[in-house]
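Examination of the molecular architecture
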Amino acid sequence: MADCYCEPVAINPNIWQREIMTLDILPIGQRARIVAVDWTSLVGEDATRLRALGLDEGARVAVAHRGVFGGADPLSVMVGRMSVAVRRAHARAMTVEAV
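The following refers to the structure shown. By convention here, each chain's residues receive numbers from 1 onward along its written sequence. Per-residue local features are limited, in this predicted model, to residues with pLDDT of at least 70; the limit for side-chain atom pairs, both in listing and counting, is 80 or more; totals at the level of whole chains, interfaces and linings are taken over all residues. Excluding hydrogens and water, the side-chain figures rest on all heavy atoms present in the structure.

**Some words on the sheet that holds strand β5 (residues 82–86)**
- The strand order across the open sheet built from 6 strands is β1-β6-β2-β3-β4-β5, with neighbouring strands paired in antiparallel fashion. Two strands in the sheet have a free side with no partner beyond their single neighbour: β1 (20–22) and β5. Neighbour-to-neighbour, the strand axes of this sheet turn through a mean angle of 40°, independent of strand direction.
- For two strands to be treated as a pair, DSSP must find no fewer than two bridges joining them. A run of H or I in DSSP counts as a helix once it spans at least four residues, and a run of E counts as a strand once it spans at least two, with each numbered from the N terminus. Of the strand pairs in this sheet, strand β4 (residues 75–79) and β5 are connected by 5 bridges, and their pairing is antiparallel. Across the sheet, residue Val 77 finds its bridge partner in β5, namely Val 84. What counts as an axis is a line fitted to C-alpha atoms, over the stretch in contact for a helix, and the angles between N-to-C directions run from 0 to 180 degrees.

Given below as structure tokens:
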């Protein structure tokens, strides 16, 4: 069997670094994917409502707007083509990865 020859390839060292943060600090307009949700930090009814609105692991989201007064509650989050108002405490329970 002949020896295998492979061309050297320049690889960007940052290619494997993932930008992980919570949804409440995601920059406006930045697209992300929800990678984890701390359901235990949410009230049962709130967790059920967020799941029904599509805010669950794997969902692709983006923050569209923040609250009028000082960027407080609520956050307007785009889930697909739908805009959902989310409390900052709820957004803090969602870990996202920038895409």
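**Section: helix α1 (residues 44–52)**
- For α1, the full list of buried residues reads Asp 46, Ala 47 and Leu 50. Seen along its axis, α1 keeps its buried residues to an arc of 100°; they face one direction. Those residues of α1 that are exposed and aimed more than 90 degrees away from the buried face are Glu 45, Thr 48 and Ala 52.
- Pairs of residues are marked as contacts when any of their non-hydrogen atoms sit within 4.5 Å. Elements in contact with the buried residues of α1: α2 (88–92) and β6 (94–98).
- In the segment just after α1, Gly 54 is the residue with positive phi, at about 95°. Burial classes follow relative accessibility: with a 1.4 Å probe on protein chains only, a residue under 20% of its type's maximum area counts as buried, one over 50% as exposed, and anything between as partly exposed. By construction, the arc corresponds to the directions joining the helix axis to the C-beta atoms.

**A short note on the pairing of strand β2 (residues 31–37)**
- Here β2 pairs with strand β3 (residues 60–65) via 3 bridges, running antiparallel. Opposite Arg 33, over in β3, you have Arg 60 as the bridge partner.
- Where β2 and β6 come together, 5 bridges link them in antiparallel fashion. Following the sheet pairing, Arg 33 is matched in β6 by Glu 97.

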